[in-house]
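# Secondary and tertiary structure notes
Now for the letters of each chain:
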Amino acid sequence: TSAANLTSTWSASLYASAFNGDKRVLAFSDSVQDAAHRAGFIAARAYRTSFRTALTRTVQEHDRQGGPPLRLDQLQEQLISDWQRRLPNPVDFAATVIPHDLEWLRDWDVMQHQLIPSLEPNSLLLRYLADRLRWEVAAEFGYRARLGASVEQAGALAAAVDPGAVNRLLPP
């Protein structure tokens with residue numbers, strides 16, 4: 001699967017690039033089975049790369065504004081609110097942040113079949129996506145922090161423990 005790995009790496013880089021306004025990939029394969037495998041592999045890698053780019057951008061913008069370091073729960077909410085602000089149309093937000101493994105959700109399926117796609121601002125899909133983004137942030141700084149191309153492994157971001165908060169938990 002080195003071809004699938006290489007293809008997913010360069011396509012994920014293209015997806016993450018600010019210079020790519022046309023985020024589509026056309027890949028050829030000599031068998032249906034290989035094509036299905038590569039499509040799933042590329043989609044999964046592209047999502048993770050785009051998520052890491054969005055996460056890093058959120059923290060960089062927060063730092064440029066001179067804010068204090070973000071706690072993990074604050075970063076989760078900041079990521080969601082930043083991207084909802086950038087993409088105020090709920091359909092655009094959902095289409096941008098939905099991972100491949102949540103495309104089975106009923107609201108997503110219904111929206112895909114509408115002539116003019118629409119989502120209510122309080123839809124179940126948007127709540128699921130916000131929960132998933134919270135999970136992705138926690139996983140990125142938790143169990144995935146030392147795996148693969150995480151933001152920590154890439155040297156882009158790192159989590160730290162606040163010694164003052166720990167000391168406040170200890171008895172005097």
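Here, the structure is the one placed above.
Just so it is clear, the model here is predicted, and its values are computed rather than measured.

### Details of the nonpolar core
If you look at the biggest cluster of nonpolar residues, it comprises 29 residues, and the most contacted ones within it are Leu55, Leu79, Leu125, Leu129 and Leu133. Elements with a contribution of two residues or more to this core: helix 2 (32–64), helix 3 (72–86), helix 4 (90–97), helix 5 (106–112) and helix 6 (124–141). Those residues within four positions of leucine 79 in sequence are excluded, and the remaining contacts are Phe51, Ala54, Leu55, Thr58, Leu133 and Val137.

### Re the pattern of salt bridges
Per the stated rule, a full pass over the model turns up twelve salt bridges. Across the salt bridge formed by arginine 57 and glutamate 61, the nearest N and O atoms sit 3.2 Å from each other. Here glutamate 61 and arginine 57 lie together in helix 2, a separation of four residues that amounts to about one turn. Looking at arginine 57, the relative accessible area reads 39%, which means it is partly exposed. Notably, a salt bridge pairs arginine 134 with glutamate 77, separated by 2.6 Å at the nearest N-O pair. Within this pair, whereas arginine 134 is found in helix 6, its partner glutamate 77 is found in helix 3, the two being separated by 57 residues in sequence.

### With respect to the packing of aromatic side chains
Counted under the stated rule, the structure contains one aromatic pair. Sitting over the face of the ring of tryptophan 83, arginine 86 holds its NZ or CZ atom 4.3 Å from the ring centroid.

### Here's the deal with helix 3
Given 3.6 residues per helical turn, the α-helix brings residues three or four places apart onto the same face. Between its first and last C-alpha atoms helix 3 spans 21 Å; for 15 residues at 1.5 Å apiece the expected length is 21 Å, and the two agree. For helix 3, the full list of buried residues reads Leu75, Gln76, Leu79, Ile80, Asp82 and Trp83. All buried residues of helix 3 project into a common sector of 165° when viewed along the axis, lining one side.

### Let's talk about the packing of helix 3 against helix 6
Between helix 3 and helix 6, the least distance of the axes is 9 Å, while the angle of their chain directions is 135°. The orientation of helix 3 relative to helix 6 falls into the category oblique. Between helix 3 and helix 6 the crossing geometry is right-handed. Contacts from Leu72, Leu75, Gln76, Glu77, Leu79 and Ile80 in helix 3 reach Ala130, Leu133, Arg134, Val137, Ala138 and Phe141 in helix 6. Residue composition of the contact of helix 3 with helix 6, grouped by class: nine nonpolar, one polar and two charged.

Rules of the game
Residues numbered from 1 in each chain as written. Predicted model: local features only at pLDDT ≥ 70, side-chain atom pairs only at ≥ 80, totals over all residues. Heavy atoms only, no water. Core = buried A, V, L, I, M, F, W, Y, C linked by side-chain atoms within 4.5 Å. Buried < 20%, exposed > 50% of the residue type's maximum accessible area, 1.4 Å probe, protein only. Helix = DSSP H or I, 4+ residues; strand = E, 2+ residues; numbered from the N terminus. Contact = heavy atoms within 4.5 Å. Salt bridge = Lys/Arg side-chain N within 4 Å of Asp/Glu carboxyl O. Phe/Tyr/Trp six-rings, centres within 6.5 Å; stacked < 30°, edge-to-face > 60°. Lys NZ or Arg CZ within 6 Å of the ring centre and 35° of its normal. Expected span 1.5 Å × (residues − 1). Arc of directions from axis to C-beta. Axes fitted to C-alpha atoms, helices over the stretch in contact; angles between N-to-C directions. Parallel < 35°, antiparallel > 145°, perpendicular 65-115°, else oblique. Left-handed = near helix turned anticlockwise from the far one by under 90°. Nonpolar A, V, L, I, M, F, W, Y, C, P; charged D, E, K, R; others polar.

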